[in-house]
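Understanding the architecture of this molecule
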Amino acid sequence: ALDTAENTLLTQRGLELNDVQKTLDQLILPSIDQADLYFQSSHSESWVLEDGIVREGSYNIDQGVGVRAISGEKTGFAYADDLMLPALKQATQAAKSISRQGQDKAVCVLASDSQVCRYSTADPIGSLDETQKVELLRRVEQEARNLDSRVEEVTVRLSASHDTCLVVATDGTFAGDVR
């Protein structure tokens, strides 16, 4: 999952781990106790078949990076909905502006979080093309009608989502998840 998250959220968008490390380096000021970056990309799709007709269809993409900088009891948050280096730098500047004084800190070297992958990282949205999805909806509708001759109205919904996240922090955290 970590390799998939790194590829999806960084590499495919022209970001490298070196860019992320430099961003964390910029966050560690004497005034910042801890900081982290949370990269996420979410895709979702939904289809609705009602009485044999596709009535609804939607596809959504949400993505971005959250930056958090903690200084004592103060926390600065910033968010960019673009996974590109200029947006990451701008969000970093906003988050670190929470404090101007404090003690010296050092950034830990990134260490991947070893986890057992319990689920496939495959994207369910791409597992069927549009024609196959509509055919599946129609087969489910027909099956519902075949179960009981009294069935007059059938509504079938098909939904899928695919989320990828990557967390990188000044304490050395480097973890990814795909679900």
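Presented here is an overview of the structure given in this document. (Residues numbered from 1 in each chain as written. Predicted model: local features only at pLDDT ≥ 70, side-chain atom pairs only at ≥ 80, totals over all residues. Heavy atoms only, no water.)

Before going further, it helps to spend a moment on the overall build of the chain. Counting secondary structure elements, the chain contains four helices and six strands. The linear arrangement of helices and strands in the chain, starting from the amino end, is α-α-β-β-β-α-β-α-β-β. Split into buried and exposed, the 179 residues of the chain put 37% on the buried side. Long-range contacts, defined here as pairs at least 24 residues apart, represent 68% of the contacts in the chain between residues at least 6 apart. Accessible area of the chain: about 10,600 Å², with a carbon and sulfur share of 47%. (Helix = DSSP H or I, 4+ residues; strand = E, 2+ residues; numbered from the N terminus. Buried < 20%, exposed > 50% of the residue type's maximum accessible area, 1.4 Å probe, protein only. Contact = heavy atoms within 4.5 Å. Areas by Shrake-Rupley, 256 points an atom, 1.4 Å probe, with all protein chains shown as cover.)

To continue, consider the pairing of strand β2 (residues 53-71). Consecutive side chains of a regular strand alternate in pointing toward one face of the sheet and then the other. Where strand β1 (residues 34-50) meets β2, 17 bridges bridge the pair, whose relative direction is antiparallel. From the neighbouring strand, L37 faces β2, where its bridge partner is V67. Between the end of β1 and the start of β2, which pair antiparallel, lie two residues, with D51 showing a positive phi angle near 50°. By the bridge criterion, seven bridges tie β2 to strand β3 (residues 74-80) in an arrangement that is antiparallel. Considered in β3, the bridge of A69 is made with G76. Connecting β2 to the antiparallel partner β3 that follows it, the hairpin turn spans two residues, and G72 within it adopts a positive phi of roughly 60°. (Pairing = 2+ DSSP bridges.)

So, about the pattern of salt bridges. What the rule picks out here adds up to six salt bridges. Across the pair E45 and K133 runs a salt bridge, and its minimum N-O distance is 2.4 Å. Of the two residues, E45 sits in strand β1 while K133 sits in helix α4 (residues 130-147), which places them 88 residues apart along the sequence. The buried category is assigned to E45, whose relative accessible area is 12%. Judged by its relative accessible area of 5%, K133 is buried. Here D148 and R150 are joined by a salt bridge, their closest N and O atoms 2.6 Å apart. Residue D148 is classed as partly exposed on the basis of its relative accessible area of 25%. For R150, a relative accessible area of 66% corresponds to the exposed category. One salt-bridge network, in which partners are shared between bridges, spans D51, E141 and R145. (Salt bridge = Lys/Arg side-chain N within 4 Å of Asp/Glu carboxyl O.)

Peptide bonds are mostly trans, and most non-glycine residues show a negative phi. One non-glycine residue, D51, lies in positive phi territory at about 50°. Tracing the chain through its elements places D51 in the loop between β1 and β2. The partly exposed category is assigned to D51, whose relative accessible area is 34%.

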